[in-house]
Amino acid sequence: RHALSVQIRMYDRLFSTPNPTKADFIQQLNPDSLKVVDKAVVEPSIAEAKPGERFQFERLGYFCVDPDSSSEDLILNRTIALRDTWAKISRKK
């Protein structure tokens, strides 16, 4: 009940292929390279975070405070996703 509501921008790879070609790089853009979660909840201790401060959220990845943030509207950007070891193991089975 004390959680803080924030916007989270979940960035992923910009391209859907590891080595996009110059000729058709537009067709190789990843349509899921940005997902926005408008009403995520975080610990209230993050309320005073300043742009550029970094946090790790368990099982989700590393996040930093966006420069577009304000004291009323906190925005966090995922900078690095954590690897999903269990998904990799499940695919092998």
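Residues numbered from 1 in each chain as written. Predicted model: local features only at pLDDT ≥ 70, side-chain atom pairs only at ≥ 80, totals over all residues. Heavy atoms only, no water.

Colleague: So what exactly am I meant to see when it comes to the pattern of salt bridges here?
Modeller: Between side chains of opposite charge, pairing is possible as soon as their charged atoms come close. Here the structure, examined in full by the defined rule, presents three salt bridges. Between D68 and R9 there is a salt bridge, and its shortest N-O distance comes to 3.6 Å. With D68 in the loop between β4 (61-65) and β5 (75-81) and R9 in strand β1 (residues 4-11), this residue pair connects regions lying 59 residues apart in the sequence. Owing to a relative accessible area of 55%, D68 belongs among the exposed residues under this scheme. A residue is classified by how much of its surface remains accessible, and R9, at 17% relative accessible area, is buried. When the shortest N-O distance is used, the salt bridge between D12 and R13 registers 3.9 Å. Accessibility expressed as a relative area gives 42% for D12, which makes it partly exposed. With a relative accessible area of 62%, R13 lands in the exposed category. (Salt bridge = Lys/Arg side-chain N within 4 Å of Asp/Glu carboxyl O. Helix = DSSP H or I, 4+ residues; strand = E, 2+ residues; numbered from the N terminus. Buried < 20%, exposed > 50% of the residue type's maximum accessible area, 1.4 Å probe, protein only.)

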